[in-house]
Structure formats: structure tokens, C-alpha cells
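Listed here are the chains, written in short residue letters.
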Amino acid sequence: MSPCVTQTSLNLFSTRSLNRFTCLTISLSRVSLADMLPVLVVHGGAGFIPKERVQLSCAGVQAAVRGGYSKLQGQGSAMDAVVEAVTLLENDHHYNAGLGSVLNAKGEVEMDAIVMDGRYLASGAVSAVRKVANPVQLARLVMDKTSHLCLTGEGASQFARSMGFPEVPGESLITEYARMRWKKNLAADANPVECQMGKMGTVGAVAVDAEGNIACATSTGGMLNKMEGRVGDTACIGCGGYADNRVGAVSPTGEGEAIMKVTLARLILFHMEQGRSAEAAADEALAYMKERVGGLGGVVVVDPQGEWSVRFSSLQMAWAAAQQQTLHYGLYTGEHFTQNIDDPY
Ligand SMILES: NC(=O)C[C@H](N)C(=O)O
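Residues numbered from 1 in each chain as written. Predicted model: local features only at pLDDT ≥ 70, side-chain atom pairs only at ≥ 80, totals over all residues. Heavy atoms only, no water.

The chain carries the name Isoaspartyl peptidase/L-asparaginase in an unreviewed UniProt entry, which gives Oncorhynchus mykiss as its organism. UniProt's Sequence similarities (unreviewed entry) comment on the chain is quoted here verbatim: "Belongs to the Ntn-hydrolase family." (UniProt positions renumbered as here; feature names shortened; annotations may be inferred.)

Looking at the ligand, there are twelve residues lining it, with Thr202, Arg230, Asp233, Thr253 and Gly254 nearest. Thr253 is positioned such that a nitrogen or oxygen atom in its side chain is 2.9 Å from an oxygen atom of the ligand. Backbone polar atom of Gly254 to a nitrogen atom of the ligand: 2.7 Å apart, as the coordinates give it. About the coverage of the ligand: the protein hides 100% of its 270 Å² of free accessible area. In this structure, the ligand is accommodated by the second largest cavity. Of the residues contributing to the shell around the ligand, the split by class is two nonpolar, eight polar and two charged. (Near = heavy atom within 4 Å. Polar contact = N/O pair within 3.5 Å; in protein donor to acceptor, adjacent residues only side chain to side chain. Areas by Shrake-Rupley, 256 points an atom, 1.4 Å probe, with all protein chains shown as cover. 1 Å grid on protein atoms, 1.4 Å probe; cavity = no way out; pocket = protein on both sides within 12 Å on 5 of 7 lines; lining within 4 Å. Sits in = over half its atoms within 2 Å of the grid points. Nonpolar A, V, L, I, M, F, W, Y, C, P; charged D, E, K, R; others polar.)

Attention shifts here to the UniProt feature "active site" (unreviewed entry) in the chain. When the UniProt feature table is mapped onto this chain, "active site" (unreviewed entry) is found at Thr202. By secondary structure assignment, the location of Thr202 is in the loop between helix H8 (192-198) and strand E7 (203-208). (Helix = DSSP H or I, 4+ residues; strand = E, 2+ residues; numbered from the N terminus.)

What follows is the structure, given as C-alpha cells:
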């Protein structure tokens, strides 16, 4: 189909002085739906990334968006794309998901993940799961092979074994960096939540495929030095993710307990149902979370037309998006770079 873009404007502005949120909007007028789709948006966690990890954190989200977008350009669905992107990020030790997850109070890895398919409101999740390299793929199996929405702990492990899902030694998911941060936060005067806000790193993705189907996926090691058995927002539908073909999809990151209190993903879609744009809805919900429960975080959002938004109330969030053969990416407030998706890094 020949492109019928008659006017495309890219608005990027920081409203930091007003509300301290990064505001990023792709606003397009008179663009056919076929030109806007497919689209994939990926995040690598809201927080602050130490200088020495910035470059690789940014490279990781770009690689993930390229991997997921190539699925969308082939026969892949939105679900295939978000699972591919999140799998790549789980395998990258620079993020708090899969390999490199933060450790719980006992010094062990326990992870949460969710997927949601906007066609049927189908969803699958795992919580407090161990010895699994790619929890997002196990979450997809929960969706595809069970009548349940979430399996936890040992039950999730048993299900994984029954499906022949590969088990890895728990130790193999632990990095030196994660162990160092765990030790540091064992000190009596430590503040793990504060420290975590310093370096978050949950990963997530939202996508709309060429058919207009919408999906989301999120994966995390949770909060630093959390209690054993703690279940965070990521495993909970409407909190750590939501996708509905009629409205859009959201993948959040941030302080899990705050996200759960305001059911952040569903709250954003509720605002979109009331007529707000993806950007305005995200902005309103993040502001509400901050004001009502003092929580910081970030989100990636898409709507059925392929309009997308990246918003965060934290200092940074590594993100990347792919649409119309263009790679978009950024990290700091107000930052937005673009390049052809086929060009080298
Ligand atoms: N890094 C994060 O985004 C943490 C995640 N939301 C959790 O609380 O489990």
C-alpha cells in the first residue's frame, strides 16, 4: 500500500518544570492505520542508571526492539513480538529480570512476569518463580495451557517441569552486581526501596501488529531485598500490565506496591476509555500514583491506532520503539533520538 502520510509532526517536549514527567508523543494526522502499524515499544525500567551501565542499558532496549519488530515484520503477532523483546531483555544481565534479577532477603532470585493478549483479554502470569531463565515464556505457557491467570512459587515450577520447560540452577541467574547490591542492603541502616529507585530495571513491552491485535509483556526480579514470597505488581493483571484490543496496552515499571494500590495499567486504559490520549492518560495516572501513594514509575503505552507514548516520573527510563522502519530511543527526560531501523548502532 502506498503511504498516504500528508502531515507528520513529531512533538517532543519536557514538562519537567510543570509536572516533572517526561512527555513524549508521536502525533500524526491524516496517516492511514496501515502506515502506523505495526508498532512496538519497549522499556528497561524506571529509575536511575549508574553512568557505567548507561550505554549497555540503552543498547539492550534497542536490540530488544529490533528483535521484536522483526517478528512483527514477518508472520509474528503482537504477542510474539512482546515475548521476543522481553526474552532478549531477560537474557541481558543489565536489567532486573531473568539473568541479573535483584535478590530477595535470603539472597535468592524470585521473579514475576505477565503477558496479556488484547484479542480475548487472555492473560498468563507467574509469581515468585525460581530457576527459570525466561519467566515471560512461562507466563505465556500459563496463558496458553491452563485455565488460570497466575501460578506462583513451587506450583509454577511444577507446571514448568510438566511442560518440559527448561530449569536452570538458581545460582546461574545471579550476577556479581546483584550480589553486591544485596549485601549492601543487608546493613541495618540500609534503605532497599530508596536504593531500588536508584536502579530499577524491570523490563516490558507493548505492541500492535498489522492485524490490529494488541499485547503486552512485563518481567522483573521485583524489589531489592524483598521478603521471600513477595508478589509484586508485575504478576498482577491490571497492575503490571494490561492489553485490550478496544483500548490499548500498558507495561509499567516502578515501585510495585504503589503500582498495585492504583492498579496503574488498568487506570491508564480507563482514562483512555474516557477519551484521553495515551500520553494524557499515562500522565494523569502517574501523577495520581505520586500524589496519592507517593510512588514513582514509568510506562510504555500504545493505542489501537498505533499511537504510542513513553512516560516516567523517575529520573531515567531506557526505552526504544519501532514504527514505520524507524527506531526511536531515549533515556533521560526529554531525550528522543531516531534512526532507520536497518542502520547499525
Ligand atoms: N523494577 C521494578 O519496576 C519493580 C517492580 N515493579 C516490582 O515492584 O516488582
